[in-house]
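Residue strings, one per chain:
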Amino acid sequence: MGSYRPMNLTSVPGKIMEQKLMEAMLRHTQDKATIQGSQHGFTKDRLCLTGLMALYDGVTTMADKGSAWGQMLFNIFTNDIDSEVECTLRRFADDLKLSGAIDTTEGRGIIKGDVDKLEKWAHESPMRFHKSKCKVLRLGQSNPRHEYTLREELIESNPVDRNLVAKVMKVPVYETPAGWRYFSNLMDSGRCSLCGEESFGTGSDHLREKDGLWAVLVWLSILAARKQSVEEIVRDHWAKFGRHYYCRFDYEALEPRTAYFIMRDLEALITDKSFRHQQFAVGNNIYSVERTDSFEFVDPVDGTVTKRQGLRIIFSDASRLIFRMSASSHVRATLRIYAESYEKDPSQHNKEPQAVLSPLIAIALKISQIHERTGRKGPTVIT
């Protein structure tokens with residue numbers, strides 16, 4: 001919902017009268033149980049945390065210090081929001097969580113119907129949902145990934161958490177542009193001790209090199225400690241965290257003007273509103289655009305902002321394409337295309353990356369028109 005932040009600018013006598021009136025109304029709502037049980041915020045003896053726990057454990061009894069006058073009125077005005085909802089709905093103050101099983105077509109229809117009912121309620125009430133804050137969270141490996149709309153616009157999905165490994169190990173993670181100067185700043189400040197590039201170069205804060213020596217020493221240490229082969233270690237990792245299929249296409253020694261206009265036109269294409277939620281069908285695969293952006297990095301050390309570090313297309317299944325241009329010399333440029341796809345299912349971890357990623361590459365070549373505009377028949381290097 002629209003953010004609700006009550007402010008009180010009344011005089012002292014007015015505040016006293018307000019307090020008395022609020023206490024009387026509060027007693028009425030508690031004695032008559034007029035506030036529905038789905039509200040876990042702005043309510044005595046119930047917190048947003050209790051609602052979050054209720055989603056999973058059914059626990060709804062944690063203490064609170066009470067609620068304010070405006071908060072109580074908010075509860076009254078929004079009390080009927082779930083009167084016709086069939087799925088489980090939890091209210092966390094001015095936020096909502098709607099959940100349900102979609103193991104059948106009927107289940108998907110029920111959720112969609114409830115979303116439509118909530119949208120109708122918002123239209124008829126002096127309340128509005130923040131479309132940009134609405135997300136779809138899908139759980140389960142066999143989830144059919146149905147899509148839902150609000151005000152005739154597709155609701156975005158929460159993407160796959162690419163920082164899962166770091167979260168499990170409880171270490172911070174930073175996504176930076178290509179270039180070791182960004183790593184060095186983080187390392188000098190003590191924020192990280194391990195870094196790696198998209199070209200598989202890895203290094204550390206105590207041995208800052210990326211050409212292989214450090215990686216060899218690290219792998220020898222891992223093999224000695226784990227007493228497993230490299231393949232066994234990698235497959236254990238995939239089984240626990242899933243596999244990210246990845247490849248990079250490099251088009252080297254391009255005429256800089258040509259490369260510049262390819263990137264300029266591509267940025268105009270993917271940032272256009274009509275490109276949002278566009279679908280691409282390649283063979284049996286269908287990719288829906290989730291969001292697009294021009295990547296920028298804000299250095300947490302000194303606040304420096306580095307813009308235009310790559311054009312990114314993220315799809316609803318968490319696959320993504322990235323386009324980046326770099327100068328390989330004063331007279332030539334390199335244009336790189338990165339393709340990445342995530343696979344959680346262990347039975348799908350044995351495929352060749354090129355086979356998995358070929359549909360994404362086909363999309364990248366189609367929208368960039370790089371072959372047609374450069375006269376090339378393929379990339380200079382495939383990583």
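Everything that follows concerns the structure shown earlier in this document.
A short tour of the structure in this document, coming up. The numbering scheme is per chain: residues are counted from 1 as the chain's sequence reads. The predicted origin of the model limits local features to residues at a pLDDT of at least 70 and limits the giving and counting of side-chain atom pairs to 80 or more, whereas totals for whole chains, interfaces and linings rest on all residues. No hydrogens and no water enter the side-chain calculation; it runs on all heavy atoms of the structure.

A few points about helix α7 (residues 213-226)
Residues three or four positions apart in an α-helix share a direction because the helix packs 3.6 residues into each turn.
Consideration 1: A helix here means a DSSP run of H or I that spans at least four residues, while a strand means a run of E at least two residues long, and both kinds are numbered starting from the N terminus. Here the expected length of a helix is defined as 1.5 Å per residue gap, with one fewer gap than residues. In a regular helix each residue adds 1.5 Å, so 14 residues correspond to 20 Å; α7 covers 20 Å between its end C-alpha atoms and thus fits that length.
Consideration 2: Phi turns positive, to about 55 degrees, at K227, one or two residues after α7.

Remarks on the nonpolar core
Nonpolar side chains tend to gather and get buried jointly when the protein is soluble and globular.
Consideration 1: As used here, the term nonpolar core means buried Ala, Val, Leu, Ile, Met, Phe, Trp, Tyr and Cys residues forming a set that is joined through side-chain atoms within 4.5 Å. Whether a residue is buried, partly exposed or exposed follows from its accessible area with a 1.4 Å probe, protein chains only, as a fraction of its type maximum: under 20%, in between, or over 50%, in that order. Of all hydrophobic cores here, the largest spans 31 residues; its most connected members are I313, F315, L321 and F323.
Consideration 2: Take this core: its biggest share by element is seven residues, from helix α10 (residues 353-368).
Consideration 3: In what follows, a contact means two residues having at least one pair of non-hydrogen atoms within 4.5 Å. What F315 contacts, discounting residues up to four positions off in sequence, is F280, Y287, S288, V289, E290, R320, L321, L360 and I363.
Consideration 4: Core analysis: the next-biggest nonpolar cluster, separate from the first, contains 15 residues, I81, M127, V136 and L150 among them.

What to know about the pattern of salt bridges
Consideration 1: One side-chain nitrogen of Lys or Arg within 4 Å of one carboxyl oxygen of Asp or Glu is enough to make a salt bridge. Inspection of every chain in the model, using the stated rule, returns 15 salt bridges.
Consideration 2: Note that E175 and R312 form a salt bridge whose closest N and O atoms lie 3.4 Å from each other. With E175 in the loop between α5 (164-169) and α6 (180-188) and R312 in strand β14 (residues 311-315), the pair connects residues that are 137 residues apart, well separated along the chain.
Consideration 3: One salt bridge in this structure joins R235 and E231, with 3.1 Å as the shortest N-O distance. In this pair, R235 and E231 both sit in helix α8 (residues 230-241), four residues apart, roughly one turn of the helix.

What about the side chain of R320?
Consideration 1: Assignment of secondary structure puts R320 in strand β15 (residues 320-327).
Consideration 2: Judged by its relative accessible area of 14%, R320 is buried.
Consideration 3: Reaching out from R320, the side chain makes a polar contact with the side chain of E340 at a distance of 2.7 Å. Polar contact is defined as a pair of N or O atoms within 3.5 Å, subject to the rule that within protein one atom must be able to donate a hydrogen and the other to accept it, and that residues adjacent in sequence are counted only when both atoms are side-chain atoms.

What to know about the packing of aromatic side chains
Consideration 1: Any pair of Phe, Tyr and Trp rings, taking the six-membered ring for Trp, is counted once the centres come within 6.5 Å. Such a pair is stacked with planes under 30 degrees apart, edge-to-face with planes over 60 apart, and tilted for the rest. In this structure the tally under the stated criterion is four aromatic pairs.
Consideration 2: Ring centres of Y287 and F315 lie 5.6 Å apart, and the angle between their planes is 65 degrees; this geometry places the pair in the edge-to-face category. Of this pair, Y287 sits in strand β11 (residues 285-294) while F315 sits in strand β14, placing them 28 residues apart in sequence. Each member of the pair, Y287 as well as F315, is classed as buried.

Focus on the environment of A178
Consideration 1: Its location among the elements puts A178 in the loop between α5 and α6.
Consideration 2: For A178, a relative accessible area of 31% corresponds to the partly exposed category.
Consideration 3: Expressed as a C-alpha distance, the spacing of A178 and E197, which sit 19 residues apart in the sequence, is 6.7 Å.

Points about the state of the cysteines
Consideration 1: Cysteine sulfur pairs qualify as disulfides if the two atoms are within 2.5 Å. As enumerated under the stated definition, the model contains zero disulfides in all.
Consideration 2: The thiol sulfur of C195 is not disulfide-bonded, and the nearest other cysteine sulfur, from C192, lies at 6.4 Å.

A closer look at the pairing of β11
Consideration 1: Pairing between two strands is assigned when DSSP locates at least 2 bridges connecting them. Two strands pair when backbone bridges link them, and strand β10 (residues 279-282) and β11 are joined in this way by four bridges, in the antiparallel orientation. In the sheet register, F280 faces β11, and the bridge partner there is Y287.
Consideration 2: From the end of β10 to the start of β11, which pair antiparallel, there are two residues, and G283 there has a positive phi angle of about 60 degrees.

Quick look at a nonpolar patch on the surface
Consideration 1: Patch rule: a residue counts if its relative accessible area is over 30% and it has no salt bridge; like charges are joined within 9 Å, and nonpolar side chains (Val, Leu, Ile, Met, Phe, Trp, Tyr) within 5 Å. All accessible areas in this document rest on Shrake-Rupley with a 1.4 Å probe, and a residue is counted as covered only by the protein chains that are shown. Among the surface-exposed residues, L207, L213, V216, L217 and L220 lie close enough to one another that they form a single nonpolar patch of about 450 Å² accessible area.
Consideration 2: L207 gets classed as partly exposed once you look at its relative accessible area, which sits at 31%.

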